[in-house]
Amino acid sequence: MHKSAAVGLSISVMLVSGYAVFAATAWPWKAALFPLVIGIPLFCLAATELLWSLLGAEPPSAPNEVELSTDAAARRRVVRVAAWMAGFFVAIALLGFPIAVPLFVFLYLKLQGGEGWVLSIVLTAAVAAAFYGLFDALLHLPFPAGWLWSWLGLA
Amino acid sequence: MSEALLEGLVLVLQWKALAFMMLGIVLGFWVGLLPGLGGATTLALMLPFIYNMQPVEAFAFLLGMHAVTATTGDITSVLFGVPGEAASAATILDGHAMAKNGEAGRALGAVLASSLVGALVGAAALALAVPVVRPLVLTFGSPELFMLAIVGLAFIASLSSHGGRGLVRGFLAGLLGLLVSTVGQDPQAGVARYTFDSLYLWQGLDLVPILVGIFAIPEIIELAARGTSIAGSLPAGRISRGALEGVKDTFRHFWLTIRCSLIGTFIGIMPGLGGSVAQWMAYGHAAQSARTAEERKRFGAGDVRGVLGPGAANNSKEGGSLIPTVAFGVPGSTAMAILLGGFVLLGLVPGPDMLSKHLSVTYSMVWTIVLANVVTVVVCFLFLDQLARLTGVRGSILIPLILVLVFVGSYTSNNHYGDMVATLAFGAIGYLMVLAGWPRAPFVLGLVLGKIAENYLYISIARYEAAWLTRPVVLVLIVIAIAVIIYPLFQARRKAAHA
């Protein structure tokens with residue numbers, strides 16, 4: 001898993017830096033200078049890292065980083081939490097923050113966390129109150145209505 | 001001078017100024033705790049409220065709020081692995097690792113005590129340095145500032161070293177961060193770079209959504225993958241005793257804390273580098289202070305020195321960045337640029353007047369930084385048990401709450417859905433980087449320094465052509481950068497030869 005991640009990341013960075021250098025060649029030197037100064041060594045280093053990953057031993061973790069759990073059960077949980085994050089984003093876009101936030105908190109606590117009704121309802125209410133009190137009433141931050149309400153002509 | 005210093009204290013202790021300072025502290029406390037909702041953004045939001053205030057009251061309010069955000073931002077970094085402030089990200093590396101090792105109390109004690117030391121050093125620097133700082137700032141031109149950025153990057157990249165390959169990965173991550181910073185309209189020719197006809201990308205990628213994504217998302221995913229609390233199944237221990245241990249750590253490594261505070265102050269003085277750079281430089285210095293390779297490996301796994309360094313630096317930088325703001329009207333950071341707006345609103349002109357006619361107002365700022373930090377640290381210590389116990393809360397309860405903070409914090413940085421997409425995208429990149437063994441710190445430093453470094457490089461070449469490389473300070477900085485890169489390799493080789 002670690003090796004395939006290292007190979008995948010190296011290839012992605014090679015592609016990105018290769019494109020960055022290619023695109024920069026069409027710009028005036030003022031705009032191209034920095035991307036070229038960065039992009040060329042980045043491509044070379046990514047190629048070195050790719051070769052190292054393919055030919056060398058299993059890469060060690062970076063010393064300043066967390067150790068990730070990679071067993072089968074952990075991988076399933078990773079996919080699940082990624083799906084929840086994507087779902088939360090879609091809910092925010094469709095319903096807007098004021099509805100998506102309490103809805104997400106309640107559903108996560110109940111369905112994913114398996115928490116009791118009382119805790120789920122109390123926490124959801126507390127988050128909704130804090131969200132409204134801080135961001136809406138105090139800071140007056142503009143949270144637009146969701147796209148769904150616009151499509152239905154309700155916004 | 002001592003008379004003006006005393007007068008400044010008296011002004012801050014007047015009930016109205018004190019009340020506004022307390023209000024600022026309360027706001028700053030929560031703003032710091034909430035990831036993404038930055039101190040600078042809140043300063044901007046609060047500016048309209050100072051119209052009817054006296055200068056001392058206004059600065060007590062604004063500075064009181066701003067001075068504590070870094071301290072409480074560190075708390076979020078330690079407990080949740082999410083940077084409460086952009087300037088608190090480096091605290092995650094060891095602070096959050098300590099929390100996961102069941103040492104949340106000790107990490108919080110260390111970060112709070114070092115924050116206080118840092119704030120006091122920064123305030124003292126502001127009080128003492130004004131008369132002597134001008135020649136220092138004027139010695140550094142664009143070539144020197146560009147090289148300072150490169151030295152910072154070399155510092156962080158070398159920290160990621162497990163020999164040569166680690167160094168390659170460190171530089172890969174740093175250069176990737178620099179490349180990401182080039183997205184958007186370039187400042188010299190106005191060309192839209194890597195924008196793919198997207199209006200959102202024209203402005204460039206904002207730091208906050210990327211920081212939140214790259215640090216918070218992998219932590220949340222790992223918390224879900226483990227299926228436990230942040231501290232896992234480890235016993236939290238007696239938190240108050242742990243906190244006291246953290247305070248003792250600050251004094252055990254007192255000179256390191258002072259040195260990191262001075263690094264923060266110095267970076268704060270340098271216009272344009274900002275607090276995000278200060279914490280990483282200080283972290284780099286703290287890790288460099290490890291005597292052996294074994295000792296260095298502990299950094300990132302929960303070494304208290306990795307908490308003390310950034311904790312001290314991100315607070316001391318406030319005093320430092322006020323120096324060029326007050327003395328020359330040159331803001332040392334985004335927040336200081338906004339504060340400069342406050343000067344204008346209040347009819348004050350930064351410069352010689354602030355050092356003569358309004359000297360007591362200048363010194364009231366020093367006292368505000370001191371008092372705000374003392375109050376915050378005392379309050380934090382009083383509620384430490386409650387704060388540290390949060391790491392024992394089940395992951396299934398914490399995850400939705402942290403995700404709300406992540407998405408709200410990300411969205412409110414620009415009020416754009418694109419920021420949330422950026423958070424998710426960079427969260428995935430951050431997770432891949434951790435999985436592949438690439439360090440994230442150099443990426444963030446590259447991203448922070450990118451625009452500044454590009455600007456300085458362009459000016460250096462346009463003004464001096466290749467001759468900028470021969471300037472004495474630049475040469476010294478090049479030597480330092482090379483030494484920083486070579487030293488870990490030399491150390492590893494020497495260790496291999498001994499084995």
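In what follows, the structure referred to is the one given above.
Cut-off values and rules
Residues numbered from 1 in each chain as written. Chains lettered and ligands numbered in written order. Predicted model: local features only at pLDDT ≥ 70, side-chain atom pairs only at ≥ 80, totals over all residues. Heavy atoms only, no water. Helix = DSSP H or I, 4+ residues; strand = E, 2+ residues; numbered from the N terminus. Buried < 20%, exposed > 50% of the residue type's maximum accessible area, 1.4 Å probe, protein only. Contact = heavy atoms within 4.5 Å. Areas by Shrake-Rupley, 256 points an atom, 1.4 Å probe, with all protein chains shown as cover. Buried area = accessible area lost by both parts, 1.4 Å probe. Salt bridge = Lys/Arg side-chain N within 4 Å of Asp/Glu carboxyl O. Polar contact = N/O pair within 3.5 Å; in protein donor to acceptor, adjacent residues only side chain to side chain. Nonpolar A, V, L, I, M, F, W, Y, C, P; charged D, E, K, R; others polar. Phe/Tyr/Trp six-rings, centres within 6.5 Å; stacked < 30°, edge-to-face > 60°. Lys NZ or Arg CZ within 6 Å of the ring centre and 35° of its normal. Patch = residues over 30% accessible without salt bridge, like charges linked within 9 Å, V, L, I, M, F, W, Y side chains within 5 Å.

J.: Can you lay out the overall build of chain B for me, pointing to particular residues and giving the numbers?
T.: Regarding its fold elements, chain B presents 23 helices and two strands. Going through the 499 residues of chain B one by one, you find that 64% of them count as buried. Look at the contacts in chain B between residues 6 or more apart in sequence, and 78% of them connect residues 24 or more apart. For chain B, the accessible surface area stands at approximately 17300 Å², while carbon and sulfur atoms represent 68% of it.

J.: Tell me about the interface of chain B and chain A, residues and numbers included.
T.: Taken residue by residue, the interface counts 78 residues in chain B and 74 residues in chain A. Both faces combined, the contact of chain B with chain A buries some 6800 Å², and carbon together with sulfur accounts for 77% of it. On the chain B side of the contact with chain A, Arg165, Tyr417 and Leu435 of chain B bury the most area, a combined 11% of that side's loss. Taken together, chain B and chain A are joined by two salt bridges. A salt bridge links glutamate 49 of chain A to arginine 169 of chain B; its shortest N-O distance comes to 3.2 Å. At the junction of chain B and chain A, the tally comes to six residue pairs in polar contact (both at pLDDT 80 or more). At the level of elements, helix H3 (39-46), helix H5 (90-100), helix H8 (163-180), strand S2 (192-193), helix H10 (207-226), helix H20 (395-414), helix H21 (417-436) and helix H22 (441-464) of chain B are the ones that each hand at least two residues to the side of chain B that touches chain A. Among the elements that take part in the side of chain B that touches chain A, H20 of chain B stands out by supplying 11 residues, more than any other. Here the residues of the side of chain B that touches chain A are counted per class, giving 52 nonpolar, 14 polar and 12 charged.

J.: Just give me the short version of the packing of aromatic side chains, but keep the residues and values in it.
T.: Counted by the stated rule, this structure contains 23 aromatic pairs over all chains. Aromatic pair phenylalanine 97 of chain A and phenylalanine 143 of chain A: ring centres 4.9 Å apart, planes at 55 degrees, arrangement tilted. In this pair, phenylalanine 97 of chain A sits in helix H4 (residues 97-112) while phenylalanine 143 of chain A sits in the loop between helix H5 (117-138) and helix H6 (147-151), placing the two residues 46 residues apart along the sequence. Phenylalanine 143 of chain A carries the same exposure label as phenylalanine 97 of chain A, and that label is buried. Between the aromatic rings of phenylalanine 106 of chain A and tryptophan 117 of chain A, the centroid separation amounts to 5.9 Å while the plane-to-plane angle is 40 degrees, which identifies the pairing as tilted. Of this pair, phenylalanine 106 of chain A sits in helix H4 while tryptophan 117 of chain A sits in helix H5, and the two are 11 residues apart along the sequence. When its relative accessible area of 21% is taken as the criterion, phenylalanine 106 of chain A is described as partly exposed. These aromatic residues form a ring-pair network of at least three members: Phe97, Phe131, Phe143 and Trp147 of chain A together with Tyr411 and Tyr417 of chain B. Just above the ring of tryptophan 117 of chain A sits the side chain of lysine 110 of chain A; from NZ or CZ to the centre is 4.5 Å. Sitting above the plane of the tyrosine 464 of chain B ring, arginine 471 of chain B keeps its charged end 4.6 Å from the centroid.

J.: Tell me about a nonpolar patch on the surface, and please be specific about residues and values.
T.: All names here are of chain B. A cluster of nonpolar side chains, contributed by Leu120, Val374, Val378, Leu382 and Phe383, occupies part of the molecular surface with about 450 Å² of accessible area. Here the element with the most residues in the nonpolar patch is helix H18 (residues 359-382); it accounts for three residues. Here valine 374 is to be found in helix H18.

J.: Which residues make up the side chain of glutamate 144 of chain B, and what values go with them?
T.: Residue and element names in this part refer to chain B. Following the sequence through the fold, glutamate 144 ends up in helix H7 (residues 142-159). On the basis of relative accessible area, glutamate 144 is assigned to the buried category, the value being 2%. One polar contact links the side chain of glutamate 144 to the main-chain amide nitrogen of glycine 141, over a distance of 2.9 Å. Leave out the neighbours within four places in its chain, and glutamate 144 touches Thr139, Arg471, Val473, Val474 and Leu477.

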